[in-house]
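Okay, here's what each chain looks like letter by letter:
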Amino acid sequence: MDTTVFTTIESEVRSYSRGWPTVFTQAKGAVQTAEDGTEYLDFFSGAGALNYGHNHPLLQKALVEYLTSDAPVHSLDMMTPAKRDFLQTFSDVILKPRGLDYKVMFPGPTGTNTVEAALKLARKVTGRQHILSFTNAFHGMTLGSLSVTGNSMKRKGAGIPLTNSSKIPYDDYFNGETEDFMWLERVLEDSGSGVDKPAAIIVETVQGEGGVRAARLEWLKQLSDLCGKHEILLIVDDVQAGCGRTGSFFSFEEAGFTPDIVCVSKSISGYGLPMALTLFRSELDVWEPGEHNGTFRGNNPAFVTATATLKEFWADDSFQKGQLAEAIATVHGALEQIAASVDGASVRGRGLLAGLHFADTEVANKVAAESFRNGLLVETSGPDDEVLKLMPALTTPKDQLERGMGIIAAAVAKVTGTDVAYQPGAGALAAA
Ligand SMILES: *Cc1c(COP(=O)(O)O)cnc(C)c1O
């Protein structure tokens, strides 16, 4: 397998190709095949950009038909039937049934694009500059997004001071020892605190990159109430946790509040095609025409696969309550069994944004490497890569989920030298 060109021509900035040093030639469903014929089960799903697996046949068919029809591929923000169908379907299938009165903005096709648009809008609407974000947050790699991101290595990459934002503790930062929001409530009410009233608070309901930390639903609700009370806009960055990843289309649905602004990207096209949305309450729509812009806001092939995805998986609750709920039970049942076998290990996350935290920070990386040797792609997360991060496609069949969990259980056993008890099915029943 010739990899010379990657190591000689491609920048040192590449990262995933180092942990998984192989050349992938085929990808179907939950399986990626390498040039040497090795098959890998994919428990990473393009960091959440492939929630419905690789090359889903239905989406592929819609895409190929569109591409060969000579319909516009690129259209800036001009009107096309593909965009009309997407907006109508998103409204009918996602917004209306959830009672969400959101405008839809196309901010450019990446996660960091939608975060930048959200921050800009929050500042424009409120006339305030400051943004609060959380410890261990990840919101993207451009300057505005970096300014609200926690990771010190990524922040340092900016090369300039990252200003007009401060960090506040995420849920359980003090292991439950300090009452949540006590500090924030006090400084917002105290005109002598020296803390500028923020335009917005931006939050991930589950911190994907920052260690697969899931905020408690009541904590999120409290955060929303606090924002409402102080007229601070609440932005939910649902780039990774959204599009079904945590078990519902939006990750905040169960928590019983409505964010002012929502950032959506990774799996909105359903096929791995670049696409992003910024959603906001209609009265926040204070943009002037063209005030925010971008060449690739009209990615019609992505609109086509996004529409097909919404119709196939989200038009009713059969996917959510059926296959998705079962997949979550299978993965969490297995994780509980593995965690119970290893001293100090615990399960993290929500839905299929799931993690295994180990007391020894070396373990997760070694387990990921051992899993790769045994045909499984699984990532690590957290400031010290101390958490094994599992993100199988939501559509992964049960036998493949169990096979992947078996590979992880064996890798954990080998790396930690413990007997890991994993019986497919047993934990799923216990967890149900
Ligand atoms: C991946 C991610 C982003 C950035 O998305 P890009 O497409 O890489 O710019 C922003 N926020 C969250 C929560 C993410 O997981």
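These remarks concern the structure in this document. These numbers were taken from a predicted model, which means no experiment stands behind them. (Residues numbered from 1 in each chain as written. Predicted model: local features only at pLDDT ≥ 70, side-chain atom pairs only at ≥ 80, totals over all residues. Heavy atoms only, no water.)

### Re a nonpolar patch on the surface
- A cluster of nonpolar residues, V5, F6 and I9, forms a patch on the protein surface that exposes about 300 Å² of accessible area.
- Tracing the backbone shows I9 in the loop between α1 (4-8) and α2 (16-19). (Patch = residues over 30% accessible without salt bridge, like charges linked within 9 Å, V, L, I, M, F, W, Y side chains within 5 Å. Areas by Shrake-Rupley, 256 points an atom, 1.4 Å probe, with all protein chains shown as cover. Salt bridge = Lys/Arg side-chain N within 4 Å of Asp/Glu carboxyl O. Helix = DSSP H or I, 4+ residues; strand = E, 2+ residues; numbered from the N terminus.)

### Overview of the site of the ligand
- T110, G111, T112, F138, H139, G140, E204, D237, V239, Q240 and K266 make up every residue found near the ligand.
- In this structure, D237 approaches the ligand through a side-chain N or O atom, which is 2.7 Å from a nitrogen atom.
- Out of a free accessible area of 380 Å², the ligand has 81% covered by protein chains.
- Broken down by class, the residue content of the shell around the ligand amounts to 2 nonpolar, 6 polar and 3 charged. (Near = heavy atom within 4 Å. Polar contact = N/O pair within 3.5 Å; in protein donor to acceptor, adjacent residues only side chain to side chain. Nonpolar A, V, L, I, M, F, W, Y, C, P; charged D, E, K, R; others polar.)

### A closer look at the nonpolar core
- By size, the foremost hydrophobic cluster in this structure holds 91 residues, and its most contacted members are F90 and I408.
- In terms of residue count, helix α12 (residues 318-341) provides more of this core than any other element does, 9 residues in total.
- Structurally, this core is a two-domain feature, drawing no fewer than three residues from each of domain 1 (4-56 + 318-431) and domain 2 (62-313).
- I235, V239, F280 and W287 belong to the second largest nonpolar core, which has 20 residues in total. (Core = buried A, V, L, I, M, F, W, Y, C linked by side-chain atoms within 4.5 Å. Buried < 20%, exposed > 50% of the residue type's maximum accessible area, 1.4 Å probe, protein only. Domains from an automatic or database assignment.)

### Points about empty space enclosed by the protein
- Across all of its chains, the model carries 2 cavities of 30 Å³ or more by this definition.
- Taken as a whole, the largest cavity spans an internal volume of roughly 60 Å³.
- Surrounding the largest cavity, F106, P107, G108, P109, P274, M275, A276, F296, R297, N299 and F303 form its lining.
- Looking at the lining of the largest cavity, its residues break down into 8 nonpolar, 2 polar and 1 charged. (1 Å grid on protein atoms, 1.4 Å probe; cavity = no way out; pocket = protein on both sides within 12 Å on 5 of 7 lines; lining within 4 Å. Points joined across faces, edges and corners; volume = space filled by probe spheres on them.)

### Here's the deal with the pattern of salt bridges
- Enumeration according to the criterion identifies 21 salt bridges in this entry.
- The shortest N-O distance in the salt bridge between D171 and R216 comes to 2.7 Å. Highlighted residues: D171 in the loop between β6 (165-168) and α9 (182-189) and R216 in the loop between β9 (213-214) and α10 (217-229), separated in sequence by 45 residues.
- Residue classification places D171 among the buried positions, given a relative accessible area of 8%.
- Look at R216 and you get partly exposed, because its relative accessible area is 36%.

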